[in-house]
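Secondary and tertiary structure notes
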Amino acid sequence: MKKRILIIDDKPAIGQLISIYLGNDYETHTVLSAVSAMEWLHNKNTVDLIISDYSMPEMNGFEFLMLLKGNELFKHIPVIFLSGEDSTATRIKLLENGADDFILKPFNPMELRLRINKALK
């Protein structure tokens with residue numbers, strides 16, 4: 001059975017690109033916002049890993065991470081952030097608060113795959 005990955009990105013093309021790239025090895029589901037992701041998870045959907053953009057409308061990556069890690073049902077899910085925001089302070093804040101990894105956009109798909117494999121071990 002394939003591991004399931006939830007992809008969160010407010011730009012549909014990015015979510016589709018990641019989904020296509022990972023589709024042979026993983027079952028993916030893509031949503032356009034962190035709010036939609038939380039709703040999807042609360043509807044009894046399960047995932048093995050979350051890949052999330054950081055800069056999104058409605059709820060940014062840090063707010064999403066705090067909601068996720070503060071919930072007993074979801075706090076065990078590894079989270080990898082993708083972002084064009086090259087702020088060391090943001091990366092440190094996310095990693096200190098439970099993010100498993102942070103990758104700058106544009107990203108190398110092979111690097112993303114390696115980091116996913118590491119997070120799922």
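Below or above, wherever it landed, is the structure these notes cover. (Residues numbered from 1 in each chain as written. Predicted model: local features only at pLDDT ≥ 70, side-chain atom pairs only at ≥ 80, totals over all residues. Heavy atoms only, no water.)

Thoughts on the packing of aromatic side chains
Applying the stated criterion across every chain, the model contains 1 aromatic pair. With a centroid separation of 6.5 Å and an interplanar angle of 70 degrees, the aromatic rings of Y54 and F81 are classed as edge-to-face. Of this pair, Y54 sits in the loop between strand 3 (49–53) and helix 3 (61–69) while F81 sits in strand 4 (residues 79–83), and the two are 27 residues apart along the sequence. F81 shares its class with Y54; the two are buried. The aromatic ring of F62 is capped on one face by K93, whose charged end is 4.2 Å from the ring centroid. (Phe/Tyr/Trp six-rings, centres within 6.5 Å; stacked < 30°, edge-to-face > 60°. Helix = DSSP H or I, 4+ residues; strand = E, 2+ residues; numbered from the N terminus. Buried < 20%, exposed > 50% of the residue type's maximum accessible area, 1.4 Å probe, protein only. Lys NZ or Arg CZ within 6 Å of the ring centre and 35° of its normal.)

Concerning the nonpolar core
Counting residues in hydrophobic clusters, the biggest one holds 24 residues, and the most contacted among them are L6, L41, I50 and F64. Tallying contributions element by element places helix 2 (residues 34–42) first for this core, with 5 residues. Each residue touching I50, except ones within four places of it in the same chain, is listed here: L6, I8, L41, F64, L68, I77, P78, V79 and I80. By size, the runner-up hydrophobic cluster in this structure holds 14 residues, among which are I18, I80, F107 and L120. (Core = buried A, V, L, I, M, F, W, Y, C linked by side-chain atoms within 4.5 Å. Contact = heavy atoms within 4.5 Å.)

With respect to the pairing of strand 5 (residues 101–104)
Pairing analysis gives 4 bridges linking strand 4 to strand 5, with the strands arranged parallel. When the sheet's bridge partners are listed, S83 is paired in strand 5 with L104. The parallel pair strand 4 and strand 5 is bridged by helix 4 (residues 88–96), and the resulting crossover is right-handed. (Pairing = 2+ DSSP bridges. Right-handed = clockwise from strand over helix to strand, strands pointing away.)

Examining the environment of T30
Examined against the element boundaries, T30 turns out to sit in strand 2 (residues 26–31). Classification of T30 as partly exposed rests on a relative accessible area of 31%. The spacing of T30 and I18 is 12 residues in sequence and 9.2 Å in space, taken between C-alpha atoms. Discounting residues that sit within four places of it in the chain, T30 has contacts with I7, G15 and S19.

A few points about the pairing of strand 1 (residues 3–8)
Sheet analysis places strand 1 next to strand 2, joined by 6 bridges and oriented parallel. By the bridge assignment for strand 2, L6 is matched with H29. This β-α-β element, strand 1 to helix 1 (residues 12–22) to strand 2, shows right-handed connectivity.

A short note on the pattern of salt bridges
Tallying each qualifying case throughout the model produces 9 salt bridges. Across the salt bridge formed by K105 and D9, the nearest N and O atoms sit 2.9 Å from each other. Linking K105 in the loop between strand 5 and helix 5 (109–119) with D9 in the loop between strand 1 and helix 1, this pair joins segments that are 96 residues apart in sequence. Here R115 ties to D101 by a salt bridge, and the two come within 2.6 Å at their closest N and O atoms. One end of the pair, R115, is in helix 5; the other, D101, is in strand 5, with 14 residues separating them in the sequence. Members of the salt-bridge network, linked through shared partners, are D9, D53 and K105. (Salt bridge = Lys/Arg side-chain N within 4 Å of Asp/Glu carboxyl O.)

Nothing here speaks to function; it is geometry throughout.
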